[in-house]
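Chain by chain, the residues:
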Amino acid sequence: MLPARPGRSTGTRRLLTPDQIRVLLPLPLAEPFTYRAGEVGPLSPGDIVEVPIGNRVSLGVVWDGPPEGLPPAKLKAVLRRCDAPPLSSALRRLVDWVAGYTLNPSGAVLKMCLPEPRALVEPPPMRQVLRPGEAIEMRASAQRERVLQVAAERPGLSPGELAEAAAVSVAVVRKLIELGALQADSTPAFRPPPPPDWRRQGRALNTSQAEAAAGLRAAVAARDFSVTLLEGVTGAGKTEVYYEAVAEALKTGRQVLVLLPEIALTQQSLDRFEQRFGAPAWAWHSEMAEGRRAATLRAIGHGEAKVVIGARSALFLPYADLGLIVVDEEHDASYKQEEGVIYNARDMAVVRAKQEGIAVVLASATPSLESLHNVSRRRYAHAVLPERHGAATLPRIDIVDLRKERLPAQRFISAPLQTAIRETVGNGEQAMLFLNRRGYAPLTLCGACGHRLQCPNCAAWLVEHKRHGRLQCHHCGHQQRLPDACPSCGAEDRFKACGPGVERLAEEAAMLFPEARLAVMASDTANSPQQIGEMLTRMENREIDILVGTQIVAKGHHFPLLTLVGVIDADLGLAGGDPRAAERTHQLLTQVSGRAGRADHPGRVLLQSFLPEHPVIAALSRHDNAGFIAAEMAERQRAGMPPFGRLAAIILSGTDQAQVQQAARDLARVAPRAPGLTVLGPAPAPLHYLRGRFRERLLLKAAREVDVPAVLREWLSKFRLPSAVKRAVDVDPYSFL
Ligand code: ADP
Ligand code: ZN
């Protein structure tokens with residue numbers, strides 16, 4: 001059992017017996033292993049098998065390519081071919097492609113395809129359901145009669161449910177089963193919902209919507225690879241339009257995947273889907289219970305799940321017959337997975353669509369520069385919805401110049417914003433205050449000596465969360481109580497909160513508007529789709545006057561009576577060394593502004609800023625999206641930054657700072673030197689200490705035509721890192737921390 005190498009000479013292939021196969025295991029191993037097919041019989045690539053590995057048994061997938069041709073005596077035999085749908089060749093190619101592009105072992109990527117490996121191969125979990133059995137002679141009792149009566153009225157309950165409904169113990173129910181008075185049958189624990197009905201009519205589309213929808217339908221019907229960027233201002237009806245493409249794919253019996261950047265958006269999206277198609281879609285995200293995940297994976301693999309709405313991890317699942325992928329809010333940085341296999345689900349969705357030979361739709365009000373550039377290079381089609389649907393107009397955006405509107409210390413709502421809130425709430429409309437910072441205050445310091453409370457594991461300040469009565473590190477999750485005395489000077493009760501988080505902002509709003517009904521929404525106050533759903537419902541039902549929130553409130557939601565958005569700190573995202581800082585701030589503020597005035601009530605946005613002349617802020621206030629994009633594109637081109645050039649980051653980390661620095665210098669010494677390549681660093685990462693590890697960054701900058709993964713592979717093969725130093729490779733980085 002040795003790793004097989006692909007593409008060996010024909011001399012080796014001669015040794016091959018047809019009995020030998022390659023099996024890729026869902027483990028971080030670079031290569032498939034070679035096994036004997038043994039008694040299991042003929043196997044084909046994609047088959048899911050059970051194989052011995054060490055002294056364990058693992059599931060694996062029969063992989064493509066010639067095995068190594070080892071003497072059969074050295075090889076272990078495959079134990080069993082599982083009764084499961086095989087992994088398609090498109091998905092196998094995707095695994096190899098993603099592994100190659102991200103410099104990860106294929107097995108680590110395979111694991112993302114089979115997150116619950118057993119789910120596909122094991123029979124679905126069953127549950128016992130009861131109905132009345134034969135009439136039999138038995139001792140009658142009030143309890144027994146109640147049970148039999150409920151069983152007759154409501155057949156199909158489980159023993160536990162029946163016992164509860166009849167208010168008896170489960171033992172009573174069990175006894176009746178034993179006596180034959182109740183008949184027990186078993187049925188699958190999860191019954192798939194009925195398939196969505198593609199015949200149902202959507203809303204009547206306006207002219208530009210109809211045109212865009214026709215283009216998307218044609219792309220799906222073509223059964224060939226294509227990418228369409230669906231660009232439309234917030235509220236233009238992008239969802240209505242891509243539903244037409246969904247209907248087209250469903251018409252031909254194929255499956256559809258809709259990716260969303262945040263699980264926060266799934267509930268709303270599921271509800272809306274059900275309204276449109278008369279049956280629910282399947283959700284996929286990290287907060288699902290294990291049983292539900294397994295059932296969903298099974299339904300995906302067997303083609304029963306026709307439409308999946310999910311987070312980025314839904315991209316790699318083994319769909320039986322995928323016909324369309326939609327990436328909603330395609331510009332969103334949450335599509336980037338930053339741990340393990342580091343990848344961008346938006347980009348990998350395009351790769352998957354290519355392997356599958358299907359259409360992909362990228363939807364956004366503020367498309368990424370990458371996608372816009374692909375449109376201008378004519379690699380992507382462009383469908384544009386230039387206006388909000390119906391009477392809704394885009395909100396008016398005004399800047400509050402904080403250099404003139406001086407705020408008292410530790411106060412964050414300016415006078416013009418206060419006036420606007422008062423008017424809005426007074427009119428019976430709703431206001432939203434946006435601040436992209438969780439907790440109460442981003443920094444706590446000692447008023448006596450100036451000592452700042454820092455995370456013990458990270459180079460980061462602890463963030464106060466009053467609601468939980470704790471200080472938290474937003475990077476590693478460390479939590480502690482506010483100490484009684486300053487750890488540096490011993491002064492007691494002298495801690496001061498500096499700067500605002502949403503909790504503190506809400507406190508100020510409550511003080512200014514004591515009559516208003518206020519709610520706070522951040523990823524730590526509402527983190528399950530249900531909690532978020534409840535909050536959104538309260539908002540829709542006008543049970544909230546002022547909603548204070550982080551970026552979780554910025555995206556996708558549609559509140560008809562929300563007419564005022566106040567952005568507390570419009571400059572927040574502009575600082576720092578992220579080459580996309582301007583683009584991202586522009587996107588985020590456009591998104592959050594887009595929440596205002598979505599129905600027939602005109603909306604208004606106030607941006608509080610110290611930098612009113614900054615191109616991002618100025619463009620927002622003029623609604624000059626095109627001007628901003630053109631200027632930003634020109635700047636990127638001048639600097640050779642994406643989408644005109646390529647980037648890849650290497651992050652080394654370890655507990656011994658000197659060792660990490662030395663390794664980074666050694667690695668830099670063997671850096672590739674060629675025209676079109678620049679290596680920046682090594683330098684301590686902005687977050688130079690994280691989870692107890694010191695971090696050094698190197699950045700490779702390359703011309704667009706460079707094969708960056710190949711360059712990285714060559715480079716990294718030249719230097720063996722000490723085993724205590726960990727390496728992460730981030731191709732097309734989105735985070736520069
Ligand atoms: P986007 O995704 O572009 O922000 P949505 O698809 O969410 O826009 O549409 C915004 C609102 O306008 C939604 O309430 C939607 O139901 C409504 N809407 C969009 N298009 C139509 C249409 N053709 N007829 C009726 N309502 C529409
Ligand atoms: Zn920390």
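On a predicted model such as this, the values are computed, not experimentally measured, just so you know. Here the residue numbers are simple positions, counted from 1 along each chain's written sequence. Labels follow written order: the first chain is A, the first ligand is 1, and so on. Per-residue local features of the predicted model are confined to residues with pLDDT of at least 70, and side-chain atom pairs are confined, for both listing and counting, to 80 or more; whole-chain, interface and lining totals are unaffected and use all residues. Hydrogens and water are ignored here; the side-chain numbers use all heavy atoms of the structure.

A. Inspection of the sheet that holds strand β26 (residues 562-567) at higher detail. Pairing is parallel across the open sheet formed by six strands, whose spatial order is β17-β27-β26-β18-β25-β24. Across the chains shown, the open sheet's two edge strands, defined by having one partner strand only, are β17 (396-401) and β24 (518-521). On average, each strand axis in the sheet is tilted by 20 degrees relative to the strand beside it, whichever way the strands run. Running over the sheet, helix α15 (residues 502-512) touches β18 (430-434), β24 and β25 (546-549) and is turned about 170 degrees from β24. Relative to the sheet, helix α16 (residues 529-540) contacts β18, β24, β25 and β26, its axis offset from that of β24 by approximately 150 degrees. For two strands to be treated as a pair, DSSP must find at least two bridges joining them. Secondary structure elements are defined from DSSP: runs of H or I of at least 4 residues count as helices, runs of E of at least 2 residues count as strands, and each element is numbered from the N terminus. The axes used here are C-alpha line fits, helices contributing only the stretch in contact, and every angle between their N-to-C directions lies in the interval 0 to 180 degrees. The contact criterion used is simple: two residues touch if any of their non-hydrogen atoms lie within 4.5 Å.

B. Structural view of the pairing of β26. In terms of burial, β26 is a largely internal element, six of the six residues being buried. Inspection of the sheet shows β18 paired to β26 by five bridges, in the parallel sense. Its bridge partner being in β26, Q430 is matched across the sheet by L562. When accessible area is computed with a 1.4 Å probe and restricted to protein chains, residues below 20% of their type maximum are described as buried, those above 50% as exposed, and intermediate ones as partly exposed.

C. The nonpolar core, seen in detail. To form a nonpolar core, buried Ala, Val, Leu, Ile, Met, Phe, Trp, Tyr and Cys residues must be joined to one another through side-chain atoms within 4.5 Å. Residues F316 and L712 are the most contacted members of the largest nonpolar core, which totals 121 residues. When sequence neighbours within four positions are dropped, the list of residues in contact with L712 reads L103, A648, I650, L700, V729 and V731. Grouped together as the second largest cluster of nonpolar side chains are 33 residues, Y242, L260, A283 and A359 included.

D. Region of the structure containing the environment of I342. Residue placement: I342 occurs in the loop between β13 (336-337) and β14 (343-344). We classify I342 as buried; its relative accessible area is 7%. The spatial distance from the C-alpha of I342 to the C-alpha of V98 is 9.8 Å, given a sequence separation of 244 residues. I342 has contacts with T102, N104, K336, Q337, A728, V729 and D730, leaving out every residue within four places of it along the chain.

E. Quick peek at unusual backbone geometry. In this model, P642 is joined to P643 through a cis peptide bond whose omega is 5 degrees. The topology assignment puts P643 in the loop between α19 (625-639) and β28 (645-654). Here the amide bond leading from G681 into P682 is cis, since omega sits at 10 degrees, within 30 degrees of zero. Along the chain, P682 falls in strand β29 (residues 677-690). Backbone geometry at R223 places phi at a positive 50 degrees, although glycine is not the residue there. In this fold, R223 is placed in the loop between α8 (207-221) and β8 (226-232).

F. Layout of the pattern of salt bridges. What counts as a salt bridge is simple: a side-chain nitrogen of Lys or Arg found within 4 Å of a carboxyl oxygen of Asp or Glu. Applying the stated criterion to the full structure yields 35 salt bridges. Between E635 and R638 there is a salt bridge, with its nearest N and O atoms 2.8 Å apart. With E635 and R638 both in helix α19 and three residues apart, this pair spans about one turn of that helix. Residue class for E635 comes out partly exposed when judged on its relative accessible area of 37%. Sharing partners across several salt bridges, the network here consists of E50, R80, R118 and E122.

G. Seen up close, the sheet that holds strand β1 (residues 20-24). Reading across the sheet, the five strands line up as β2-β1-β4-β3-β5 and stay open at both edges, with antiparallel pairing between neighbours. Each having just a single partner strand, β2 (33-36) and β5 (80-81) make up the two edges of the open sheet. Sheet topology note: the β1/β2 ladder contains four bridges and is antiparallel. Residue pairing in the sheet places V23 in a bridge with F33 of β2.

H. Looking closely at the domain arrangement of the protein chain. Start and end positions for the domains come from either an automated domain assignment or a database one. Each domain of the protein chain was delimited in the assignment, giving domain 1 (2-113), domain 2 (126-188), domain 3 (207-385), domain 4 (396-622) and domain 5 (645-731). Look at where the C-alpha atoms of domain 4 and domain 5 centre, and you get two points 35 Å apart. Each partner contributes residues to the interface: domain 4 has eight residues there, and domain 5 has seven residues. Summed over both partners, the interface of domain 4 with domain 5 buries about 550 Å², with 63% contributed by carbon and sulfur atoms. Broken down residue by residue, the surface that domain 4 buries against domain 5 is led by N457, A459 and H475, which jointly contribute 66%. Defined here as a combined quantity, buried area equals the accessible surface (1.4 Å probe) lost by two parts on assembly, summed across both.

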